[in-house]
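A structural walkthrough
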Amino acid sequence: MNKTTDAALDQLAHGFTSPPRSPILHTPAEEGLAYEDVTFPSADGVPLEGWFIPADSDRLIIANHPMGFNRAGLPTHLQPWASIWGPSGNTMEVNFVPDYRILHEAGYNVLAYDLRNMGLSGAANGGVVTSGRYEGRDVLGSLRYVAQRRDTATMRVSLFSRCLGANSTFAAMRQDPAAFDGVHSLVACQPVSDRVIMARMLDLLGVGAHHLDELDRRVKIGTSFGFGERPDASWARHVRIPTDLYGVHYDTLTVPADLEEMHDVMDVKDKHLAWVRDSTARWDGYLEFQRRPEPMLDWWHRHVG
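Just so we're clear, the structure is a prediction, and the values are computed from it rather than from any experiment.

Parameters and conventions
- Residues numbered from 1 in each chain as written.
- Predicted model: local features only at pLDDT ≥ 70, side-chain atom pairs only at ≥ 80, totals over all residues.
- Heavy atoms only, no water.
- Buried < 20%, exposed > 50% of the residue type's maximum accessible area, 1.4 Å probe, protein only.
- Helix = DSSP H or I, 4+ residues; strand = E, 2+ residues; numbered from the N terminus.
- Pairing = 2+ DSSP bridges.
- Axes fitted to C-alpha atoms, helices over the stretch in contact; angles between N-to-C directions.
- Contact = heavy atoms within 4.5 Å.
- Parallel < 35°, antiparallel > 145°, perpendicular 65-115°, else oblique.
- Left-handed = near helix turned anticlockwise from the far one by under 90°.
- Nonpolar A, V, L, I, M, F, W, Y, C, P; charged D, E, K, R; others polar.
- Phe/Tyr/Trp six-rings, centres within 6.5 Å; stacked < 30°, edge-to-face > 60°.
- Lys NZ or Arg CZ within 6 Å of the ring centre and 35° of its normal.
- Salt bridge = Lys/Arg side-chain N within 4 Å of Asp/Glu carboxyl O.

**A closer look at helix α9 (residues 282–291)**
The element α9 is extensively covered by neighbouring structure, given that eight of its 10 residues are classed as buried. Three or more residues of α9 are buried, namely Arg282, Trp283, Asp284, Gly285, Tyr286, Leu287, Glu288 and Phe289.

Take a look at the structure:
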């Protein structure tokens, strides 16, 4: 192995397990929304930061985010994120605040929060990302929080989980299935298996997917968990609530078979898989809801009322 490949593998392993925290550059106030800054503990006590956006209803959506993002999105138009994600064609800013306005206008209360080691939430587990293995505890913490708040305790809850947030939701369902007994439905945007996305990144960076096992070894050494020990498509079998999956079909960072496997292994009859077909940029999947929200809103309306 030459020095260039060695350095690239080290950089990719570090960036995958310890992405730089992204700043919160937007707030619900930009969309004219009243909101409350909230903090609550993860299931293992990590302090999580978020926004609660009230609505005049008894319906609630809990929203989380992809790896390296935060509740407000990701400024991929700025450095260092433009350089990190540029090779995959994802250079546009992602702003999630318009999503919350759409949900609010549709009659939903919203809780949006930062996963551990991201946004303004607390550091934990050595600061490393575990693809949902530990972040699943944050999902459980969000459910406990809304169950304990006086104004949300009796609300009908559904989830909006994106990428790492969706993987984390699968992990939480594995860790504590009973915690989801009162959850009506899930919309999962682009969950992904580590071996799939990392193989594509290796190719895009010119390193070559044949180095995937070596990258796996370095991730294992750096975090104690290799790709096979982290949530992947097979963990979707723990899903027991109605679930709508969607993603970019021609995404340069994944393959359709990964999301199709998740759909197939889900142990629930009421499930659906949809594709964004007019792009190769993964970020367009994250922006799909604010561009064409009707299918997701219909899903939540059908299951929450």
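Once the structure has been displayed, the description carries forward.
**Looking at the sheet that holds strand β10 (residues 271–276)**
Here eight strands make up an open sheet; going across it, the order is β1-β2-β6-β3-β7-β8-β9-β10 and the pairing mixed. The open sheet terminates on both sides in strands that have one partner only, identified here as β1 (36–41) and β10. Looking at each pair of strands side by side, their axes are set apart by 20 degrees on average, direction ignored. Where strand β7 (residues 156–162) meets strand β8 (residues 183–189), six bridges bridge the pair, whose relative direction is parallel. Bridging across to β8, Leu159 finds its partner in Leu186. On the sheet, helix α8 (residues 256–265) packs against β9 (243–248) and β10 and is oriented at approximately 165 degrees with respect to β10.

**A look at the packing of helix α1 (residues 3–17) against helix α7 (residues 212–223)**
Remark: α1 packs on α7, axes separated minimally by 9 Å, with the N-to-C direction vectors making an angle of 50 degrees. By the criterion of interaxial angle, the relationship of α1 to α7 is oblique. For the element pair α1 and α7, the recorded crossing hand is right-handed. The residues of α7 that touch α1, namely those facing Asp6, Leu9, Asp10, Leu12, Ala13, Phe16 and Thr17, are Glu214, Leu215, Arg218, Val219 and Thr223. Split by residue class, the contact of α1 with α7 holds six nonpolar, two polar and four charged.

**Quick notes on the packing of aromatic side chains**
The geometry of an aromatic ring pair comes down to the distance between the two centres and the angle between the two planes. Applying the stated criterion to the full structure yields 15 aromatic pairs. A ring pair is formed by Phe40 and Tyr145, whose centres lie 4.6 Å apart and whose planes are at 15 degrees; its orientation type is stacked. Of this pair, Phe40 sits in strand β1 while Tyr145 sits in helix α4 (residues 136–148), and the two are 105 residues apart along the sequence. Of the residues examined, Tyr145 reaches a relative accessible area of 14% and is grouped as buried. Here a set of aromatic residues connected by ring pairs shows up, and it is made of Phe69, Trp85, Phe96, Trp283 and Tyr286. In this arrangement the basic side chain of Arg149 is found over the ring face of Phe52, its NZ or CZ atom lying 4.3 Å from the centre.

**So, the packing of helix α3 (residues 97–105) against α9**
Contact geometry for α3 and α9: axes closest at 9 Å, N-to-C directions at 35 degrees. Considering how the two elements wind past one another, α3 and α9 form a crossing that is left-handed. Across the interface between the two elements, Pro98, Asp99, Ile102 and Leu103 of α3 pack against Tyr286, Phe289 and Gln290 of α9.

**As for unusual backbone geometry**
Excluding glycine, most residues fall at negative phi; most peptide bonds, likewise, are trans. A cis amide bond links Gln79 with the next residue in sequence, Pro80, at an omega value of 5 degrees. With respect to the helices, strands and loops of the structure, Pro80 is situated in the loop between β4 (73–74) and α2 (81–85). Backbone geometry places Cys163, a non-glycine residue, at a positive phi of 50 degrees. Here Cys163 is to be found in the loop between β7 and α5 (164–175). Assessed through its relative accessible area of 9%, Cys163 is described here as buried. A positive phi angle is found at Gln190, which is not glycine, with a value near 60 degrees. You can see Gln190 is positioned in the loop between β8 and α6 (194–204).

**Considerations on the pairing of strand β2 (residues 47–53)**
Of all the seven residues making up β2, five are buried; the element is thus mostly covered by neighbouring parts of the structure. For β1 and β2, the ladder comprises six bridges, and the chain directions are antiparallel. Counterpart to Val38 in the pairing with β2 is Gly50. If you look at the hairpin formed by β1 and β2, you'll find five residues sitting between the two strands, and Gly45 has a positive phi there, around 95 degrees. Here four bridges tie β2 to strand β6 (residues 109–113), and the two strands are oriented antiparallel to one another. Opposite Gly50, over in β6, you have Tyr113 as the bridge partner.

**Observations concerning the pattern of salt bridges**
Pairing between side chains becomes possible if they bear opposite charge and their charged atoms approach one another. As enumerated under the stated definition, the model contains 23 salt bridges in all. Residues Asp44 and Arg116 are paired through a salt bridge, measuring 2.8 Å at the closest nitrogen-oxygen approach. Here Asp44, found in the loop between β1 and β2, pairs with Arg116, found in the loop between β6 and α4; they are 72 residues apart in sequence, far enough to count as distant. The salt bridge partner of Arg240 is Asp267, with a shortest N-O separation of 3.8 Å. A residue pair is termed long-range when its members are at least 10 positions apart, and Arg240 in the loop between α7 and β9 and Asp267 in the loop between α8 and β10 qualify at 27 residues.

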